[in-house]
Amino acid sequence: MSLAERLRAARRSVREMGAGTTVLYALHRLLPRLSGGRLQLFAYGLYAQPLGQGLLDAVRDDPQTVVTVVHAGTPLASAFPRPPAVIAERFASGAECHAATLRGEFAGYIWIARGHYDEDEVRCRYELPADGRSVWDFDVHVEPRLRLGRTMARLWKAVDAALAAEGVRWTFSRISLFNRASLQSHARLGAQRCGSVVRSEEHTS
């Protein structure tokens, strides 16, 4: 890449992410190279999304899209895009999986943690209030072939309704500040940024 191309890319990054996030992204890319892979920098936005507000009422239901709570050992879990050991550990920790199928095939899922969430990229724990009015959502996934459709909105609509019926009012999550598509998607669903976390991790063999 020429110097002119690099400058254009940097200007585009500042325009899209802001100067501060662009600097963090540069460090995110440089640290592993400079440290031989030992150091990595993570930058997260912490988001709170309201539930039970009817924000997705306009999304039409599709009888071919079914959202259910999946339990350990359910055959559908074999189609999940994560290693079986990771899925087993999540179920063992008490995490709850809401999965969508389209015409009987796995389409996507949202994982929900209650009480606390142990971060899977860095060493930290997010604690939730003990009143049961909030949960933590993580590893939101929709199959690539369906990402331009309404599968994500229908999945979120079903999860929103299920949690709101239990009296849950907020779901919290962390999103990489470098994942612009996810940030925009959450913003459309009413998510509000309530904090940020920047952390470096050292990986030793």
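Residues numbered from 1 in each chain as written. Predicted model: local features only at pLDDT ≥ 70, side-chain atom pairs only at ≥ 80, totals over all residues. Heavy atoms only, no water.

*Asks:* How should the overall build of the protein be read in this particular structure?
*Replies:* Check the secondary structure of the protein and you find five helices and nine strands. Its helices and strands taken in sequence order, the protein reads α-α-β-β-α-β-β-β-β-β-α-β-α-β from the N to the C terminus. The burial tally for the protein puts 39% of its 205 residues in the buried class. A sequence separation of at least 24 residues applies to 72% of the contacts in the protein between residues at least 6 apart. Of the roughly 11900 Å² of accessible surface on the protein, 53% is carried by carbon and sulfur atoms. (Helix = DSSP H or I, 4+ residues; strand = E, 2+ residues; numbered from the N terminus. Buried < 20%, exposed > 50% of the residue type's maximum accessible area, 1.4 Å probe, protein only. Contact = heavy atoms within 4.5 Å. Areas by Shrake-Rupley, 256 points an atom, 1.4 Å probe, with all protein chains shown as cover.)

*Asks:* I would appreciate a short explanation of the environment of Leu 155 in the present structure.
*Replies:* Mapped onto the fold, Leu 155 is located in helix 4 (residues 151-165). By relative accessible area, which is 0% here, Leu 155 ends up buried. C-alpha of Leu 155 to C-alpha of Tyr 109: the two residues are 46 residues apart in sequence and 7.4 Å apart in space. The residues contacting Leu 155, other than those within four sequence positions of it, are Val 67, His 98, Ala 99, Ala 100, Gly 108, Tyr 109, Ile 110 and His 141.

*Asks:* Explain the pairing of strand 7 (residues 134-142) to me, please; I cannot follow it from the model alone.
*Replies:* Look at any regular strand and the pattern is simple: side chains alternate between the two faces of the sheet. Burial analysis of strand 7 places eight of its nine residues in the buried class, the great majority of the element. Here strand 4 (residues 105-113) pairs with strand 7 via five bridges, running antiparallel. If you follow Ile 112 over to strand 7, its bridge partner there is Asp 137. Sheet topology places strand 7 next to strand 8 (residues 170-176); three bridges connect them, and they run parallel. Counted as the bridge partner of Val 135 is Thr 171 from strand 8. Note that the unit made of strand 7, helix 4 and strand 8 has a crossover that is right-handed. (Pairing = 2+ DSSP bridges. Right-handed = clockwise from strand over helix to strand, strands pointing away.)

Any functional reading would require information beyond the geometric quantities listed.
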